[in-house]
Amino acid sequence: MTTPSRRLLLLLPLLAVAVAASHPAHEVGVLRWQFCAAEGDAGCGGGGDGARILIKGGTVVNAHRAEEADVYIEDGVVVAIRPNIPVGDDNVRVIDATGNYVMPGGIDPHTHLAMEFMGTVTIDDFFSGHAAALAGGTMMHIDFVIPVNGNLTAGLESYKQKAANAAMDYGFHMAITKWNDEVAREMEVMVKEHGINYFKFFMAYKGSLMVTDDLLLQGLQKCKSLGALAMVHAENGDAVAEGQQRMIDLGITGPEGHALSRPPILEGEATAWAIRLAKFINTPLYVVHVMSVDAMEEIAKREGQRIIGEPVVSGLVLDDSWLWNPDFTIASKYVMSPPIREAGHGDALVAYSKMWSQSPLKILVGTDHCTFNSTQKAFGSDDFRKIPNGVNGDRQDFCHHVRVTSTECAKIFNIYPRKGAILEGSDADIIILNPERSFVMGAHTHHSRSNTNVYEGRKGKASSSSHIKQQYLVWNSNPTSEYILFIWCREWWKSRYQGGEWYGRMVC
Ligand SMILES: *[C@@H]1O[C@H](CO)[C@@H](O)[C@H](O)[C@H]1NC(C)=O
Ligand SMILES: *[C@@H]1O[C@H](CO)[C@@H](O)[C@H](O)[C@H]1NC(C)=O
């Protein structure tokens, strides 16, 4: 029998230009990815239909407990978790995890891949975004469909096309940018026929995505009647437009104008407004990218309401001093909305999210991965209002936080316990993390197509050595520090969960 699986379809340095041009060989080694044929390929580290994998000797970390145990996987599903599982026969692939943590893969509830925005398109498409995610240990994400001229069906069709080269599981939320009877009718179709249960309303971006007060009210009402969850980008868009004009009138055109034009008070105001409105309609609300103490305090005040606040990594670990950097290329990387705030806001958000990890108020960590490269950011070199808003969402420094990177998200979006945990019957989306190995973040190691990284040079402890996506090894690093990402070529995940749906597809 011929073995097409042996043919390496492509072997290319990812980000070849960035790696070769400016960065010498680094302690994390050379990044490469490789397509693997569906049937399984020895060169790809094994796996395939019916494959059996035994992860031995590690500490299995779930949100609720950590235990010393082996994990046995059959056909992509966790079958047993207990100490000293015997190997059985030769056809079981054994991965030694001694001294390592065995954790569920990350789930990212907030990404924008291949999104057309502010005159350009986010640089990461579904393939490069998925490659970056898989290499970083994130194994499922939920992206936002942007309707085409308000048309939801056309938006979903367009995103399904964008996702044709997907390499891992993904689901969709959807933005609502316009209101009429047709939109209301289509929302119902999205929920009932396409499993899209989460609708996002932008209170900012006047003139493009922003919704009027009236639309938000109608939208909340419709979400309630459909049992769907409303999400808001909470900033007062009219006031932001006013603030931007003030800065331009003052002659402030640089990236610092971005922060100055939309202070935390505008985020607090919109958050309060959306929460009150949700209370009036009596429906839950999900506030995306909570960046400020102002918004956090409004969420804290909720009275018996079901409110979910989602801080993003950049808001927790960065501060806005970068926006004052005299080098536009550096400063513009940090432009996102709501803006990264002054020092203090991030720490307060971290403290609060820890305090509330056991409460009905669920705070989880999304990345808002929404990446533009330096050329795209330069669209705004003489006017901060034209800098595409978005930063990358590296999350490696959080990957030991199973709860916030995986479990809470799976629970909120109805994917638990199939995802978000290592339990018998769960999908085997697993990362094996070495707590002793350090890493350095940067544009040459993050696998994204962007040539910039807002966490450039940050060092982290604990780095993963192997990632298993169901029956496949997708990421491995050998002792010589050569990292390889295996992209498996097959249509493999199309699945429904409690009223939702997700997909995954890669045809090489
Ligand atoms: C919305 O888009 C779909 C698919 O492209 C199309 O069939 C439908 O007629 C559109 N609806 C309206 C109101 O234009
Ligand atoms: C950024 O991306 C654009 C669009 O793909 C491309 O034309 C440009 O050369 C890129 N810039 C850099 C510095 O990589």
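Under an unreviewed UniProt entry, the name given to the protein chain is dihydropyrimidinase, and the source organism is Panicum miliaceum.

Asks: Before we go on, may I ask you to explain the site of ligand 1 in this structure?
Replies: Every residue close to ligand 1 is listed here: Asn 151, Ala 154, Glu 157 and Glu 182. With respect to ligand 1, the side chain of Asn 151 contributes an N or O atom lying 2.4 Å from an oxygen atom. Within the contact set of ligand 1, an oxygen atom lies 3.4 Å away from a side-chain nitrogen or oxygen of Glu 157. Class assignment of the residues belonging to the shell around ligand 1 gives a composition of one nonpolar, one polar and two charged.

Asks: Hey, could you run me through the sheet that holds strand S3 (residues 52-56) in this one?
Replies: Pairing between the strands of a sheet is mediated by backbone hydrogen bonds and can be parallel or antiparallel. One open sheet accounts for four strands, arranged S7-S6-S3-S8; its pairing is mixed. Strands with a single pairing partner mark the edges of an open sheet, and in this sheet they are strand S7 (77-82) and strand S8 (92-96). Taking each pair of neighbouring strands and ignoring which way they run, the sheet shows an average axis angle of 20 degrees. In the sheet, S3 pairs with S8 via five bridges, with the strands oriented parallel. Of the residues in S8, the one forming a bridge with Ile 55 is Ile 95.

Asks: Before we go on, may I ask you to explain the pattern of salt bridges in this structure?
Replies: Pairing is possible between side chains that carry opposite charge, provided their charged atoms lie close to one another. Scanning all chains against the criterion turns up 14 salt bridges. When the shortest N-O distance is used, the salt bridge between Asp 238 and Lys 206 registers 2.9 Å. Of this pair, Asp 238 sits in helix H6 (residues 237-249) while Lys 206 is found in the loop between strand S15 (198-202) and helix H5 (213-226), placing the two residues 32 residues apart along the sequence. Of the residues examined, Lys 206 reaches a relative accessible area of 51% and is grouped as exposed.

Asks: Could you clarify how one ought to interpret the pairing of S7 in this entry?
Replies: The side chains of a regular strand alternate between the sheet's two faces. Relative to S7, strand S6 (residues 70-74) is paired through five bridges, and the arrangement is antiparallel. When the sheet's bridge partners are listed, Ile 73 is paired in S7 with Val 78. Two successive antiparallel strands, S6 and S7, enclose a turn made up of two residues, where Asp 75 displays a positive phi of approximately 55 degrees.

Asks: I would appreciate a short explanation of the UniProt feature "modified residue: N6-carboxylysine" (unreviewed entry) in the protein chain in the present structure.
Replies: In this structure's numbering, the residues bearing the UniProt feature "modified residue: N6-carboxylysine" (unreviewed entry) are Lys 200. With respect to the helices and strands, Lys 200 occurs in strand S15. We classify Lys 200 as buried; its relative accessible area is 1%. With sequence-adjacent residues up to four places away left out, Lys 200 is seen in contact with His 110, His 112, Phe 144, Met 174, Ala 175, Ile 176, Met 231, His 233, Val 288 and His 289.

What counts, and at which threshold
- Residues numbered from 1 in each chain as written.
- Chains lettered and ligands numbered in written order.
- Predicted model: local features only at pLDDT ≥ 70, side-chain atom pairs only at ≥ 80, totals over all residues.
- Heavy atoms only, no water.
- Near = heavy atom within 4 Å.
- Polar contact = N/O pair within 3.5 Å; in protein donor to acceptor, adjacent residues only side chain to side chain.
- Nonpolar A, V, L, I, M, F, W, Y, C, P; charged D, E, K, R; others polar.
- Pairing = 2+ DSSP bridges.
- Helix = DSSP H or I, 4+ residues; strand = E, 2+ residues; numbered from the N terminus.
- Axes fitted to C-alpha atoms, helices over the stretch in contact; angles between N-to-C directions.
- Salt bridge = Lys/Arg side-chain N within 4 Å of Asp/Glu carboxyl O.
- Buried < 20%, exposed > 50% of the residue type's maximum accessible area, 1.4 Å probe, protein only.
- UniProt positions renumbered as here; feature names shortened; annotations may be inferred.
- Contact = heavy atoms within 4.5 Å.

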